[in-house]
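Residue-level structural notes
Below are the chains, spelled out letter by letter.
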Amino acid sequence: KAVSDDADGAWQAGYDFCYNFERPSDKENRSKERGNLAKNTYYPKYKDYSMEPGEGETPSENPLTGETFYLPAKGTLSLKELVTEFVPKKWKSDSSKLVSVNKKGKVKAKKATGDSFVTITALSAGKDPQQKTFKIYVETPKVTGEKTIRTFDGFSLPSRLEGLSKVTPKGYASSNSNVLSINENTGEVTVIKNGTARLSVIFEGRKLVTTFKVRTPGIKQSTTKIKTNKTKKLTIQNKNKSVSLSFNSANPDIATVDDNGKIYANAPGETTISLYVNSSSEPYDTCEITVK
């Protein structure tokens, strides 16, 4: 809202901005501090500052205005190189329990800040130091859903992320692309084979790593021999109630197979038994059968 162009107006603008937009945990006292800072420091220093450029000039940037950054909990960020107006002598956080900053301007997010921002301030030396502020917003991401994968159906890792509204991942990675491959830009996961892989969501200054196990059903035997008119049951690995299994014989004249993986040898010859999961169009595994 509009305020008067004087010291009292500067106080009101500083108070309103902190109270309505920064919204720190102790916002009443913090807002008054912002108002006093605006009235006693910023207004005397910048009251004659003009936003209208003169002939042949370009508007100068306000050196007091920094940027807003969105970090995951435990994420880090270096602000030192973003202060070019002066040499920072000191750094401070208005809520070090949530976001800390060291003497080199490295920020570390500790906990989520909810719907408020933490202010990081860089100050120069001297009795009347220059300063530049940055706003840090922190969220706590987590990966949800089942971590044991029992089918070859791919999935989207971003769709499993919770706790994010403003923080955006920078990319994705897999520790074992032979088991789970992932698109580094979209986070779409492809299931390759059984095994273990760690999938990473890459944020500013942090990786959120989750371990996934691929345990898709398979046939233990790759080949087997049966005498004519005899039966043999296949051994199924990683069988689970959450998936349905079905079998098929490439040549029923040689051997047939029931829904439980039991083979019936009908005549001498060779055939292939295929295992299907959840009505999949492609077999998950096969076993070569020789009937004597």
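See the structure printed just above.
Below is a short write-up of the structure.

So, how was this worked out
Residues numbered from 1 in each chain as written. Predicted model: local features only at pLDDT ≥ 70, side-chain atom pairs only at ≥ 80, totals over all residues. Heavy atoms only, no water. Helix = DSSP H or I, 4+ residues; strand = E, 2+ residues; numbered from the N terminus. Buried < 20%, exposed > 50% of the residue type's maximum accessible area, 1.4 Å probe, protein only. Contact = heavy atoms within 4.5 Å. Pairing = 2+ DSSP bridges. Phe/Tyr/Trp six-rings, centres within 6.5 Å; stacked < 30°, edge-to-face > 60°. Lys NZ or Arg CZ within 6 Å of the ring centre and 35° of its normal. Polar contact = N/O pair within 3.5 Å; in protein donor to acceptor, adjacent residues only side chain to side chain. Patch = residues over 30% accessible without salt bridge, like charges linked within 9 Å, V, L, I, M, F, W, Y side chains within 5 Å. Areas by Shrake-Rupley, 256 points an atom, 1.4 Å probe, with all protein chains shown as cover. Salt bridge = Lys/Arg side-chain N within 4 Å of Asp/Glu carboxyl O. Lys, Arg positive; Asp, Glu negative; His and termini not counted. Charge placed at Lys NZ, Arg CZ, Asp CG, Glu CD.

**As for the overall build of the protein chain**
Counting its regular elements, the protein chain contains two helices and 25 strands. In the protein chain, buried positions account for 39% of the 292 residues. Put simply, 54% of the contacts in the protein chain that link residues at least 6 apart link residues at least 24 apart.

**Description of the sheet that holds strand β12 (residues 171-174)**
Taken together, four strands build an open sheet; the order of strands is β9-β16-β15-β12 and the sheet is mixed. A strand with exactly one partner marks an edge of an open sheet, and here the two such strands are β9 (148-149) and β12.

**With respect to the environment of Pro88**
Relative to the elements of secondary structure, Pro88 occurs in the loop between β2 (76-78) and β3 (90-93). Here the alpha-carbon distance between Pro88 and Lys104, two residues 16 residues apart in the chain, equals 8.5 Å. Once residues within four sequence positions are removed from consideration, Pro88 is found in contact with Val83, Ala122 and Leu123.

**Some remarks on the packing of aromatic side chains**
Here the structure, examined in full by the defined rule, presents eight aromatic pairs. Linked through ring pairs, Phe69, Trp91 and Phe134 together constitute an aromatic cluster. If you follow Arg160 out to its NZ or CZ, it ends over the ring of Phe155, 4.3 Å from the centre. When the ring centre of Tyr137 is taken as origin, the NZ or CZ atom of Lys166, which lies over that ring, is 4.6 Å away.

**Brief notes about the environment of Lys232**
For Lys232, the location among the structural elements is in strand β19 (residues 231-233). Considering only alpha carbons, one finds Lys232 and Val257, 25 residues apart in sequence, at a separation of 9.4 Å. Not counting the four nearest positions on each side in its chain, Lys232 is found in contact with Thr224, Lys225, Ile226, Gly261, Lys262 and Ile263. In terms of polar contacts, Lys232 uses its side chain to reach the backbone carbonyl oxygen of Lys225, at 3.0 Å.

**Points about a positive patch on the surface**
A contiguous patch of positive charge, built from Lys74, Lys97, Lys106, Lys108, Lys110 and Lys111, is present on the exposed surface. Assignment of secondary structure puts Lys111 in the loop between β5 (106-109) and β6 (118-123). With a relative accessible area of 53%, Lys111 lands in the exposed category.

**Side note on the pattern of salt bridges**
Counted by the stated rule, this structure contains two salt bridges. Residue Lys132 is joined to Glu85 by a salt bridge in which the shortest nitrogen-to-oxygen separation is 3.2 Å. Taken together, the residues span a long stretch of sequence, with Lys132 in strand β7 (residues 131-139) and Glu85 in the loop between β2 and β3 at a distance of 47 residues.

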